[in-house]
Amino acid sequence: MEKPFINQIELSRRWGISHRTLERWRWQGQGPKFIKLGNRVVYAIEEIKNYELLQIRNSTSDTGVAA
């Protein structure tokens, strides 16, 4: 059974990126939506999956913006 939430370390492992990248994205208002509970940050699995689906491209020049 999949957990409903994961932390930034777990997400950084899932995507193979630094947890610092996720911190920077949050500061810049980028990346998937997150939940902040006090000092703790978690990501809902459903939000992560939705974000991943939005990143699907047909080519490297595809911006993802509908024409």
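Below is a summary of the structure that appears in this document. Bear in mind the structure is a predicted one, so any value in this text is a computation, not a measurement.

So, about the pattern of salt bridges. One pass over the full model with this rule turns up 3 salt bridges. A salt bridge links K3 to E10; the shortest N-O distance between them is 2.5 Å. Linking R20 and E23 is a salt bridge whose minimum nitrogen-to-oxygen distance equals 3.1 Å. In this pair, R20 and E23 both sit in helix α2 (residues 19–28), 3 residues apart, roughly one turn of the helix. The class for R20 is exposed, based on a relative accessible area of 54%.

Let us now look at helix α1 (residues 8–15). Within α1 the residues assigned to the buried category are Q8, L11 and S12. Buried residues of α1, seen end-on, are gathered within an arc of 100° and therefore sit on one face of the element. In this structure, the buried side of α1 is in contact with β1 (5–7), α2, β3 (40–44) and α3 (45–54). In this structure N7 caps α1, since a side-chain oxygen of it lies 3.0 Å from the backbone nitrogen of I9. Once α1 ends, the next one or two residues include G16, with phi positive near 70°.

To continue, consider the packing of aromatic side chains. Here the structure, examined in full by the defined rule, presents 3 aromatic pairs. With a centroid separation of 6.4 Å and an interplanar angle of 50°, the aromatic rings of W15 and W25 are classed as tilted. Taken together, the positions of W15 in helix α1 and W25 in helix α2 put the pair 10 residues apart, joining distant regions of the chain. For W15, a relative accessible area of 23% gives the class partly exposed. Over the aromatic face of F34 sits the side chain of R26, whose NZ or CZ is 5.6 Å from the ring centroid.

Reading the values: the criteria
- Residues numbered from 1 in each chain as written.
- Predicted model: local features only at pLDDT ≥ 70, side-chain atom pairs only at ≥ 80, totals over all residues.
- Heavy atoms only, no water.
- Salt bridge = Lys/Arg side-chain N within 4 Å of Asp/Glu carboxyl O.
- Helix = DSSP H or I, 4+ residues; strand = E, 2+ residues; numbered from the N terminus.
- Buried < 20%, exposed > 50% of the residue type's maximum accessible area, 1.4 Å probe, protein only.
- Arc of directions from axis to C-beta.
- Contact = heavy atoms within 4.5 Å.
- Polar contact = N/O pair within 3.5 Å; in protein donor to acceptor, adjacent residues only side chain to side chain.
- Phe/Tyr/Trp six-rings, centres within 6.5 Å; stacked < 30°, edge-to-face > 60°.
- Lys NZ or Arg CZ within 6 Å of the ring centre and 35° of its normal.

Read these as layout, nothing more, since geometry by itself doesn't imply function.
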